[in-house]
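Examination of the molecular architecture
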Amino acid sequence: MTHRQLVPLPVRRHFRDLAAQTSVLRLIAGMWEDQGFIPSGDPNDEVGDRRTLWREYEDNVDWTDPGHVARVLRVYESVLDGLADFAIDATRKFLDRQGFDLDADGRIKPQPDSVAAVAARLPRSLNALRDPTMILDSFERIDRALPTDPAQAIGSAKELVEATAKTVLIERGVPFDDKTAKLPALIDLAQRALLLHPQTQVPGPDGSNAVKRILGGLTSIANGLGELRNEGWGTGHAPAAPRVGLRPRHAHLAVGAAHTWCQLILDTLADPTAPWRTHATSGLPAGSTT
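Note that the structure is predicted; figures quoted are calculated from it, not measured. All chains use their own residue numbering, which begins from 1 and follows the written sequence. Totals for whole chains, interfaces and linings use all residues, but because this is a predicted model, local features are given only for residues with pLDDT of at least 70 and pairs of side-chain atoms are given and counted only at 80 or more. Side-chain calculation: all heavy atoms of the structure are included, whereas hydrogens and water are not.

**Examining the nonpolar core**
- Residues I135, A157, L160, V161, L169, L194 and W261 are the most contacted members of the largest nonpolar core, which totals 47 residues.
- Put simply, the parts of the chain that give this core at least two residues each are α7 (133-145), α8 (150-172), α9 (183-193), α10 (209-233) and α11 (248-270).
- Looking at this core, the element that brings in the most residues is α8, giving 10 residues.
- Contact between two residues is taken to exist if any of their heavy atoms lie within 4.5 Å; hydrogens are not considered. The residues touching W261, leaving out its near neighbours within four places in the chain, are V161, T164, A165, I187, Q191, L218 and A222.
- The set of buried Ala, Val, Leu, Ile, Met, Phe, Trp, Tyr and Cys residues whose side-chain atoms join them within 4.5 Å is what this entry labels a nonpolar core. When a residue's accessible area, from a 1.4 Å probe over protein chains only, is under 20% of the maximum for its type it is buried; when over 50% it is exposed; and in between it is partly exposed. The next biggest cluster of nonpolar side chains, apart from the first, holds 31 residues, and it includes L18, I28, L80 and I108. Runs of H or I in DSSP of at least four residues are treated as helices and runs of E of at least two as strands, each being numbered from the N terminus.

**Quick notes on the packing of aromatic side chains**
- Aromatic rings from Phe, Tyr and Trp, taking only the six-membered ring of Trp, are treated as a pair when their centres fall within 6.5 Å; an angle between ring planes under 30 degrees marks them as stacked, one over 60 as edge-to-face, and anything in between as tilted. Counted according to the given criterion, the structure contains 4 aromatic pairs.
- Geometrically, the ring pair formed by W32 and F37 is edge-to-face, given 5.4 Å between the ring centres and 80° between the ring planes.
- Using a relative accessible area of 0% as the deciding quantity, one classes W32 as buried.
- Take F37: its relative accessible area is 3%, and that puts it in the buried class.
- When the centroid spacing of 5.7 Å and the interplanar angle of 5° are considered together, the rings of W32 and Y57 count as stacked.

**Side note on α11**
- Here α11 contains 23 residues, and its C-alpha end-to-end distance of 32 Å stays within 8% of the 33 Å for a straight helix at 1.5 Å per residue.
- Among all positions in α11, only A251, A254, V255, A257, A258, W261, C262, I265, L266, T268 and L269 are buried.
- Residues of α11 that are buried make contact with α7, α8, α9, α10 and α12 (275-278). One less than the number of residues in a helix, times 1.5 Å, gives the span that helix is expected to have.

**Description of unusual backbone geometry**
- Phi at L195 is positive, roughly 55°, even though this residue is not glycine.
- Its place among the elements puts L195 in the loop between α9 and α10.
- By relative accessible area, which is 3% here, L195 ends up buried.

**A short note on α10**
- With 25 residues, α10 extends 34 Å between its outermost C-alpha atoms, agreeing within 8% with the 36 Å of an ideal straight helix rising 1.5 Å per residue.
- Of all the positions in α10, only K212, L215, L218, T219, A222, N223, L225, G226, R229 and G232 are classed as buried.
- Tucked into the core, α10 has its buried residues touching α8, α9 and α11.

By themselves, these observations are geometric and do not establish any function.
Structure representation (structure tokens):
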């Protein structure tokens, strides 16, 4: 989903080798099919029936999809069942170097800062974007900064909202001035482009008074992120004085707010039944957002 391979090739080769050495065809098929995978049936360049069959299942994995990868990790755990302690210890050390943890219960999990772990926290609706690069970069900066640098996390949360709004406008073909557009205008224009603006009239829950109140609150939250950063609490604007009192809880507030707004916007953009797909978008200003 993130257009990045979430399981490195060395990890795939490691478990392919283990399975070929320790399992039989029936067990290999069972491991994969228990997790909902089927063989591709396509030829590959592996040598030996076990490796060939394993590769056929691998060929049907979307290595960019966190959901697929989570199921593959369960397959890998099955390979480890019954292995000698020395083999499990060697695999644990190998996985650690590749960004995965193997716990005492035999569960394999991505390390918190690994590509796979970050991808699992991303909205699935990123799949629908032609180019999610701007949004992915913001998510990754947030993940790096959140534990230790609240100012950077706040600045990156603002950038995430801005990147999401710009991406929506690009996807919808709505013009804006990338150099001079301000965050409140970008937020307003993006929500109008998706018929999510509180003033937009649409049928169904999106047009209900309750949802409109929530949308109004979300708009205020998104705009508040820009104000928080502009007041000097986030990176991007040098503060006039040291950031006294800024704590991780403030960063978590900003990041949580950004995630909530971006999730709604991206999910609405990807939703094939969203009102913006079936109703003419109204209220969009002509020209740029300057």
